[in-house]
Amino acid sequence: MDLNEYVGLFLDESMEHLQAINTSLLVFEERLDDEAVIDQIFRSAHTLKGMAGTMGYDAIADLTHEMESALDLVRSKKQPATAELIDVLFVAAEQLETMVEDISRGGKGKLDVTETVRRLQQFIRPEQEEIISVTPSTASSTFECDVYSEAVVKQSIASGYQAYIVKVELSADVILKAARVYMVFDRLQQLGDVILSNPTSDELEQEHFETTFSVLFVTQQDQMTIQEAIASVSEVATVTMDVFEATPEAEVATSTLPQEVPVATSVPAPTASPEAPEQTDLSAPVASKTIRVNLERIDRLMNLFEEFIIDRGRLERIAAEVSSPELTDTVERIKRGTNELQSLVLTLRMMPIEQVFNRFPRMVRSVSKDVGKHIKLHITGAETELDRTVIDEIGDPLVHLIRNAIDHGIENKAERILANKPVEGNLSLRAYHSGNRVFIEIEDDGAGINHERVTRIAIEKGLITEEEAMQLTIEEASMLLFAPGFSTAEEVTDLSGRGVGLDVVKSKIESLGGEVFVETRRGEGTIFRISLPLTLSIISAMLVELGQETYAIPLTAIIETTSLRKSAILQAHREKVFDFRGQLVPLISLNEVYGLPQHEAEAYSVVVVRSGEKLAGLIVSELIGQQEIVMKPLGSYLEGIRAISGATILGDGQVALIIDSNALLRK
């Protein structure tokens, strides 16, 4: 059987079980006596071990076996849970995640987990160093053996092999005994050759035995290696090994033990899946009818639909030119149908942001311990859905912001006590929909941003002048944190001080069509708010004309469109501005930005756009109208063009560039 075809399923289910382990460990740390939580971790580790063992990922199976053994002692109340056990379980979970990720990249899932296994074994057997609790005997032991098998053993010994009788006892409450026997035989065959078994292979396969069986085994490996390999199989209670010596009665022993074909044919085949534990979560999930679909298929479907949207625009243009009522009516019906289909296709690409948020509880726990702070993470809105493309890219910016909040935002214990705050800091991670955008907020209850210190550092680093600093608003001073090379850390640590972080966050978010804002109050805390589009593939845009060329401006950036008379244009600080609802807003001529011919007129069409707290009026030659467009990348030859985020194909087959208003308003 080719196991490679099951790798995808193994990865999907493994990540689900690892997430269950991580979530439950955080609860377990708070409630050490919660049996339901312990059972959840035990079941997830147990199932993961079985899947890994079946797929041949021994490192994962070995580590989960030790986790399972430690947890079994806790849930059977033989040993109490300790802080050391919690720490090592978190380390084990992280290493399991690393190994699974290695498999997803085509690796073998190998990782040195010796230290973690040792720490788990110290908890399991605090007074013993050996993995096997029994001492193998070197005394002779008899095993009822026929003449043929004895000859095979003697020839093996003459060739430098050693013969052993391996006695294996399974746990009293073993499930699927035949599967356990199969796994034991599989481990043995990797280390040597199985000659005989007692009971026979047929009896073992049919589970016609209690919990103990013996194997005549020849190998060149040492006893400890063999014992460790067998002990790593789940539900193996004890393993004993004795050196085998042939007896004079071997010739007449055939009536007691039927002759077995040596080596491979003596291995019993499994009659059931190695692992089939009953799956029960802490809260019983509602049954749903779902199927797993390869993401490549969804991407192909999306690409085909994007082409269909382009052709739909072309069909609408033809219908308008022909002026046929029947054709126009047909195009309208197609448009209604494709709108519904578009909503459905986009929904297929939507994924809950939960899979990004799930990584942060463990990270917050680890980082807060490193910096010596007590911080509690609160997550809300994890069910909020985003396009998969955005989901894939938003993780790293959130990591930067959360680490920044832990290191810079929340005070240390002494400072919080002096400020009459609880010693435990609070960090909130929220997600919610608003209109056609998704907002993610990272809020801490720390000291807030010291704007005087921020502006002083910015002046020292040459980012702004003292005159500019005097004119900054609180919001503008806060945004200095996102300047390249800016850092308030006084010394370089593993977390901060290198001046790399928030500028990368801002660049990444803006590349996704999003924005980031900062709200802060001294002594009360800070909120970093990220605004993101629901999808990056098909967007609504305003088509505008610049000279003889057509450009597109995403509707998400537009506040309104207006007509502005030439006499209403004012001058301020050598820049053109106009009065927009009592506020002076700068004017930007797109013809000038893109090097197109400019024409004087008595009135101009203006598109008012927003980027964060900044407003600007974009002067265009003509407003064409609103249309749904498919965003296409410019490619490596054209990347880096100022204030252009991509291109789209219009209904007449022409290419229109998509204007990046964020880049236009960025200084």
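Residues numbered from 1 in each chain as written. Predicted model: local features only at pLDDT ≥ 70, side-chain atom pairs only at ≥ 80, totals over all residues. Heavy atoms only, no water.

## Quick notes on the pairing of strand 13 (residues 538-546)
Here comes step 1: With seven of nine residues buried, strand 13 lies mostly within the body of the structure.
Here comes step 2: Inspection of the sheet shows strand 13 paired to strand 14 (residues 549-554) by six bridges, in the antiparallel sense. From the neighbouring strand, Glu 545 faces strand 14, where its bridge partner is Thr 550.
Here comes step 3: Remark: two residues form the turn of the hairpin made by strand 13 and strand 14, two consecutive strands paired antiparallel; Gly 547 in that turn has positive phi of roughly 65°. (Buried < 20%, exposed > 50% of the residue type's maximum accessible area, 1.4 Å probe, protein only. Helix = DSSP H or I, 4+ residues; strand = E, 2+ residues; numbered from the N terminus. Pairing = 2+ DSSP bridges.)

## As for the nonpolar core
Here comes step 1: By size, the foremost hydrophobic cluster in this structure holds 48 residues, and its most contacted members are Phe 360, Leu 427 and Ile 440.
Here comes step 2: Considering every element that reaches this core, the biggest residue donor is helix 14 (residues 388-409), with nine residues.
Here comes step 3: Ignoring any residue separated from it by four or fewer positions in sequence, one finds Leu 427 in contact with Val 364, Ile 375, Lys 376, Leu 377, His 378, Ile 402, Ala 405, Ile 406, Ile 410, Ile 442, Glu 443 and Asp 444.
Here comes step 4: Counting 42 residues, the second largest nonpolar core, distinct from the first, contains Val 7, Met 51, Phe 90 and Val 113. (Core = buried A, V, L, I, M, F, W, Y, C linked by side-chain atoms within 4.5 Å. Contact = heavy atoms within 4.5 Å.)

## Quick word on the sheet that holds strand 9 (residues 425-434)
Here comes step 1: Strand order in this open sheet of five strands is 7-9-10-12-11, and the pairing throughout is mixed. Strands at the two margins of the open sheet, each flanked by one partner only, are strand 7 (375-380) and strand 11 (515-521). Sheet twist, expressed as the average angle between the axes of neighbouring strands with direction ignored, equals 15°.
Here comes step 2: Both strand 9 and strand 10 (residues 437-444) contribute to a ladder of eight bridges, which runs antiparallel. For Tyr 432, the partnering residue across the bridge sits in strand 10 and is Phe 439. (Axes fitted to C-alpha atoms, helices over the stretch in contact; angles between N-to-C directions.)

## Focus on the confidence of the model for the chain
Here comes step 1: Chain-level statistics for the chain give a pLDDT mean of 78 and a share of 84% at 70 or above.
Here comes step 2: Segment residues 248-288: pLDDT under 50, and 80 contacts once partners within four positions in sequence are set aside and those in other chains are kept. (pLDDT = per-residue confidence, 0-100.)

## As for the pairing of strand 9
Here comes step 1: Where strand 7 lies against strand 9, six bridges are found, and the strand directions are parallel. Within strand 9, the position partnered with His 378 by the bridge is Ser 428.

## Quick word on unusual backbone geometry
Here comes step 1: In the segment running from Asn 198 into Pro 199, the intervening peptide bond is cis, with an omega of 5°.
Here comes step 2: Along the polypeptide, Pro 199 turns up in the loop between strand 3 (192-198) and helix 8 (201-205).
Here comes step 3: Here Lys 77, not a glycine, exhibits a phi torsion of approximately 65°, which is positive.
Here comes step 4: By the element assignment, Lys 77 lies in the loop between helix 3 (58-75) and helix 4 (83-104).
Here comes step 5: Residue Lys 77 is classed as exposed on the basis of its relative accessible area of 62%.
Here comes step 6: Notably, Arg 581 is not glycine yet its phi reads approximately 55°, a positive angle.

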